[in-house]
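# Examination of the molecular architecture
Given next are the chains, with one letter for each unit.
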Amino acid sequence: MNKKKIALCIASFFSQFSICMVNFAMIYFMREKYSLSSSVIGIASSIYTVTYFISCLAFSPVYPRLKRRTKAFIALFGMAVTNIIILSFSSVGLMYLMLALYGVTMSFLWPNIEDWITEGEEGRQLAKATGGFNFSWSFGAGLSTMVGGFLVEMSPSVPIAVGALIFLLVLAFLLKLDGTRVEVKNGKKEEGSTGRATLLRYFSWCGNFLNYSCYSLLINIFPLYAMDVLGFSESISGTLLLFRGMTTCFSFIFFSRFPFWQFSKVSVLLSQFALSILFFIFSFLSSSLSIALFFIAFGIVFALLYQMSIFHGASGASNREKRMIIHEVLLNIGMVTGSSLGGIIYEHFSFTAILYILSAVALLFFIAETTAVFILSKKGISL
């Protein structure tokens, strides 16, 4: 990767580090400052994801008209300001409003960076570019929960304030980058590794919807379950989530170097089946060691599902920002589904009930998609 793309990877690392640290701390902040119930916290945690994907759709005609650095300014400055306001005022209603605006401004960040970092790349180079980007943001996400866990024990306000500061520093960094668009390298594609469009993007997007439904449950509801039922401290919960983050990071490196999953319908389908099995097994676990092993396994599957979604979506696309918007919208619908419904089910039933439901839904997706692949193959439609 060239220097600009390396710089974008660095920005992605710090941006996701801050986002995940703020989101992790916000759970404890809402519980400590406002004494909100688990279901309300789950719904509140999904506010920014709802406004994020709505904004991705609403502003999609606007994105191409704005300069990349302008979009970076709207995103990072807006995210910093909304979090500062949340800390500065004691109002639940204002907090909800700021969480909504937080999601609106964030919608100018990720489709922009994903389009920026993949432009001019196809085939193996596209896989390397997405692999580097995915490693960067996932490494930031992985470290954030551990760091956030220790900072939350000082005060839930501390990681939120630190996150706002990092947003401003990343903004200053991105404003120095050249946002000029470039064409595909040498005006040609790699032999034997062309960026052909594939119908597998639809199956991959479905897989990433499931992926993020499960992920949002772990980020937003598991810390409450770990504290209320298992008796784990905030730092232990953060460290357990670190196992998923770190495993995901290094899995992204592996999948960027070994292309067996590219344009493979078997990989797309089996990864979703693996998700179903993992969450069924998780329902029987209670010790910190067994849960750590679960997070390691989930981190591998998470990386594969995400990598396939962004790769198959970007491959062969003339308008990659539009494809990245679809990718972001679907994963955020998954985030909303996991956090909001997960919080309600956890409060009225149990965490185990959530795991059974997620396992069953993933299995239904696997069966439906396998049937669809069989029908398309019978009709001679290439994936």
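Bear in mind that the values here come from a model prediction, so they are computed numbers and not experimental data. (Residues numbered from 1 in each chain as written. Predicted model: local features only at pLDDT ≥ 70, side-chain atom pairs only at ≥ 80, totals over all residues. Heavy atoms only, no water.)

### A word on the pattern of salt bridges
- The final tally for this structure, using the stated rule, is 2 salt bridges.
- Across the pair Arg31 and Asp228 runs a salt bridge whose closest N-O atoms are separated by 3.8 Å. Linking Arg31 in helix H1 (residues 3–34) with Asp228 in helix H10 (residues 222–230), this pair joins segments that are 197 residues apart in sequence.
- The partner of Arg68 in a salt bridge is Asp115, with the nearest N and O atoms 2.9 Å apart. With Arg68 in helix H4 (residues 68–88) and Asp115 in helix H6 (residues 110–118), the pair connects residues that are 47 residues apart, well separated along the chain. Note on accessibility: Arg68 and Asp115 belong to one class, buried. (Salt bridge = Lys/Arg side-chain N within 4 Å of Asp/Glu carboxyl O. Helix = DSSP H or I, 4+ residues; strand = E, 2+ residues; numbered from the N terminus. Buried < 20%, exposed > 50% of the residue type's maximum accessible area, 1.4 Å probe, protein only.)

### With respect to the packing of aromatic side chains
- As enumerated under the stated definition, the model contains 48 aromatic pairs in all.
- Taken together, a centroid distance of 6.4 Å and an interplanar angle of 75° make the contact between Phe279 and Phe282 edge-to-face. Of the two residues, Phe279 and Phe282 both sit in helix H12 (residues 265–282), 3 residues apart, roughly one turn of that helix.
- The exposure class assigned to Phe279 is buried, which follows from its relative accessible area of 0%.
- Over the aromatic face of Phe302 sits the side chain of Arg244, whose NZ or CZ is 5.0 Å from the ring centroid. (Phe/Tyr/Trp six-rings, centres within 6.5 Å; stacked < 30°, edge-to-face > 60°. Lys NZ or Arg CZ within 6 Å of the ring centre and 35° of its normal.)

### A few points about the nonpolar core
- Residues Trp110, Phe222, Phe279, Phe282, Phe294, Phe298 and Phe351 are the most contacted members of the largest nonpolar core, which totals 119 residues.
- Not counting residues within four places of it along the chain, the set of residues in contact with Trp110 comprises Ser12, Ser15, Gln16, Ile19, Tyr52, Phe133, Trp137 and Glu328. (Core = buried A, V, L, I, M, F, W, Y, C linked by side-chain atoms within 4.5 Å. Contact = heavy atoms within 4.5 Å.)

### Some details on the packing of H1 against helix H8 (residues 157–174)
- Close contact between H1 and H8 brings their axes to 8 Å; oriented N to C, the two are set at 160°. In terms of axis orientation, H1 runs roughly antiparallel to H8. Of the two possible hands of crossing, H1 and H8 adopt the one that is left-handed.
- A class-by-class count of the residues in the contact of H1 with H8 yields 20 nonpolar, 4 polar and no charged. (Axes fitted to C-alpha atoms, helices over the stretch in contact; angles between N-to-C directions. Parallel < 35°, antiparallel > 145°, perpendicular 65-115°, else oblique. Left-handed = near helix turned anticlockwise from the far one by under 90°. Nonpolar A, V, L, I, M, F, W, Y, C, P; charged D, E, K, R; others polar.)

### As for the confidence of the model for the chain
- When pLDDT is averaged along the chain, the result is 86, and 95% of the positions lie at 70 or above.
- Taken as a whole, residues 184–194 scores under 50 in pLDDT and shows 15 contacts with residues more than four places along the chain or in a different chain. (pLDDT = per-residue confidence, 0-100.)

### A look at the side chain of Thr248
- For Thr248, the position within the fold is in helix H11 (residues 234–257).
- Note on Thr248: relative accessible area 0%, which makes it buried.
- Within the structure, the side chain of Thr248 is placed 2.8 Å from the backbone oxygen of Arg244, a separation counted as a polar contact.
- Other than its neighbours up to four places away in sequence, Thr248 contacts Ser138, Gly299, Phe302 and Ala303. (Polar contact = N/O pair within 3.5 Å; in protein donor to acceptor, adjacent residues only side chain to side chain.)

### Here's the deal with the environment of Phe366
- Relative to the helices and strands, Phe366 resides in helix H15 (residues 351–378).
- Classification of Phe366 by relative accessible area gives buried; the value is 18%.
- Among all residues touching Phe366, those that are not within four sequence positions of it are Leu269, Gln272 and Phe273.

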